[in-house]
Amino acid sequence: MEFMPDFNVLHPATIDEAVNLFGQNPDARYVAGGTDLVVNIRRGIEAPQTLIDLSRVTDIKQIEDDGAGGTVIGAGVTLSTLIDHQGLTENYGAVAQAAATVAAATHRHVATLGGNLCLDTRCVFYNQSEWWRSANDYCLKSRGDVCHVAPSGDHCFAAFSGDLAPALLVFDAEVTINGPEGSRTVPLNDIYADDGAAHLLLEKGEILTTIHLPAAKGVRSGYDKVRVRDSLDFPLAGVAIAMKIGAQGIDRIKVALTGLNSRPLVLAGTDALTGQNVDEKALDTLSDLLPKQIQPMTSTMTPPGYRRKVATNLIRKVALSLSDR
Ligand SMILES: Cc1cc2nc3c(=O)[nH]c(=O)nc-3n(C[C@H](O)[C@H](O)[C@H](O)COP(=O)(O)OP(=O)(O)OC[C@H]3O[C@@H](n4cnc5c(N)ncnc54)[C@H](O)[C@@H]3O)c2cc1C
Ligand code: SF4
């Protein structure tokens, strides 16, 4: 780690104030818990002159009913609050479970949901100190010309490694975003692109303010991940599943993954399981969907083939845990 560089910190109390401050400081960065951004600053990966601290914006720190059986979560809610929230643990189990696997307890105490959804992509050639990256001529994602993972191309394959996105995606979450042009609400899935160097489709100055989870009566859900260090680590692969089982077998199933592509991935083709029981045949169908959709690269210490196997095992494990067996 380098020494902390100088920067100004501004402390808005409302979203409007934060957006206005961004207008006056167009090169500023928003910071919430700082557990991702500050690490990147200390590694010299980012060097903003101004940070706009969202931690005093009380409007984005609530968890509320939406009046129709769903839940609205402020982007500034901390991960430890999510883990302890009874309504979430009861109705959206995967969300609370995913939050509980992020980093360590001290991080989760300040880390926010918004920061988790907006965290930078990761790569073993990028999440390094300034001197390490400079000694390796940097890379395409920042200050360099070549991708060390796929040197013949011009694409960055850094992996999206947030744990919360897949857990929210399986519930069809929507996000509300406020910015210089006003407010908009879009599916969470629409804020991501499969490009490690530009994976977040937020416009300059936009802030994620709330995350809406529609009602999920009778939906079972779960999240699991595999990481190098079980005490605190990003996922090598993470899998969330939401499933509704009726008298005729599976009514609805949605699967989302993290740690494998440059964006969180909603698995396509899971409708094929409708009407099936969660048995070996269904698990095979599910894991057969994976190979063509996931794209782990040599962006972590563990080889892509290993992460493929991990993803397959996880998807089977989580699906089985939600069955009646
Ligand atoms: C040792 C260690 C282990 C970790 N392990 C994990 C892990 O296992 N899983 C995992 O998912 N993460 C992990 N993290 C990363 C990080 O702790 C979490 O992702 C955390 O939830 C980030 O939230 P934050 O509020 O601290 O984000 P910040 O660092 O404050 O911000 C992260 C990014 O989001 C942007 N941002 C923040 N809030 C908003 C908003 N409301 N609207 C728009 N942009 C916003 C910031 O500008 C910044 O670019 C780890 C970090 C460390 C240091
Ligand atoms: S995938 Fe390539 S361009 Fe992207 S961070 Fe890694 S080395 Fe850099």
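Residues numbered from 1 in each chain as written. Chains lettered and ligands numbered in written order. Predicted model: local features only at pLDDT ≥ 70, side-chain atom pairs only at ≥ 80, totals over all residues. Heavy atoms only, no water.

Asker: Any details on helix H11 (residues 304-321)? Residues and values, ideally.
Answerer: With 18 residues, H11 extends 26 Å between its outermost C-alpha atoms, agreeing within 8% with the 26 Å of an ideal straight helix rising 1.5 Å per residue. Looking at the buried side of H11, the elements it contacts are strand E9 (220-226), strand E10 (237-246), strand E11 (249-258) and helix H10 (280-288). (Helix = DSSP H or I, 4+ residues; strand = E, 2+ residues; numbered from the N terminus. Expected span 1.5 Å × (residues − 1). Contact = heavy atoms within 4.5 Å.)

Asker: For the pairing of strand E3 (residues 50-53), give the residues involved together with the corresponding values.
Answerer: Along E3, one buried face is formed by Thr 50 and Ile 52 and the opposite face, lined by Leu 51 and Asp 53, is buried too. Sheet topology note: the strand E1 (residues 8-10)/E3 ladder contains three bridges and is parallel. Its bridge partner lying in E3, Asn 8 is registered against Thr 50. Pairing between strand E2 (residues 29-31) and E3: three bridges, direction parallel. (Buried < 20%, exposed > 50% of the residue type's maximum accessible area, 1.4 Å probe, protein only. Pairing = 2+ DSSP bridges.)

Asker: Account for the site of ligand 1, naming residues and giving values.
Answerer: In the region of ligand 1, 34 residues are neighbours, and Arg 29, Tyr 30, Thr 35, Asp 163 and Asp 233 sit closest. Asn 116 has a polar side-chain atom sitting 2.9 Å from an oxygen atom of ligand 1. At 2.6 Å, a backbone N or O of Asp 233 approaches an oxygen atom of ligand 1. Bound to the protein, ligand 1 loses 92% of the 980 Å² it would expose on its own. (Near = heavy atom within 4 Å. Polar contact = N/O pair within 3.5 Å; in protein donor to acceptor, adjacent residues only side chain to side chain. Areas by Shrake-Rupley, 256 points an atom, 1.4 Å probe, with all protein chains shown as cover.)

Asker: I'd like a description of the sheet that holds E3, backed by residues and values.
Answerer: Pairing is parallel in the open sheet, where three strands are placed in the order E1-E3-E2. Each edge of the open sheet is held by one strand with a lone partner, namely E1 and E2. Neighbour-to-neighbour, the strand axes of this sheet turn through a mean angle of 30°, independent of strand direction. (Axes fitted to C-alpha atoms, helices over the stretch in contact; angles between N-to-C directions.)

Asker: Explain the domain arrangement of the protein residue by residue, including any values.
Answerer: Domain assignment breaks the protein into domain 1 (1-57) and domain 2 (61-118 + 159-321). The straight-line distance from the C-alpha centre of domain 1 to that of domain 2 is 26 Å. The partner domain 2 presents 13 residues to the 13 residues of domain 1 that form the contact. Between domain 1 and domain 2, roughly 1000 Å² of surface is buried when both sides are summed, and carbon and sulfur atoms account for 71% of that area. By the criterion of area lost to domain 2, the three top residues of domain 1 are Ile 15, Val 19 and Thr 35, representing 38% of everything that side buries. The tally of links between domain 1 and domain 2 comes to zero salt bridges. (Domains from an automatic or database assignment. Buried area = accessible area lost by both parts, 1.4 Å probe. Salt bridge = Lys/Arg side-chain N within 4 Å of Asp/Glu carboxyl O.)

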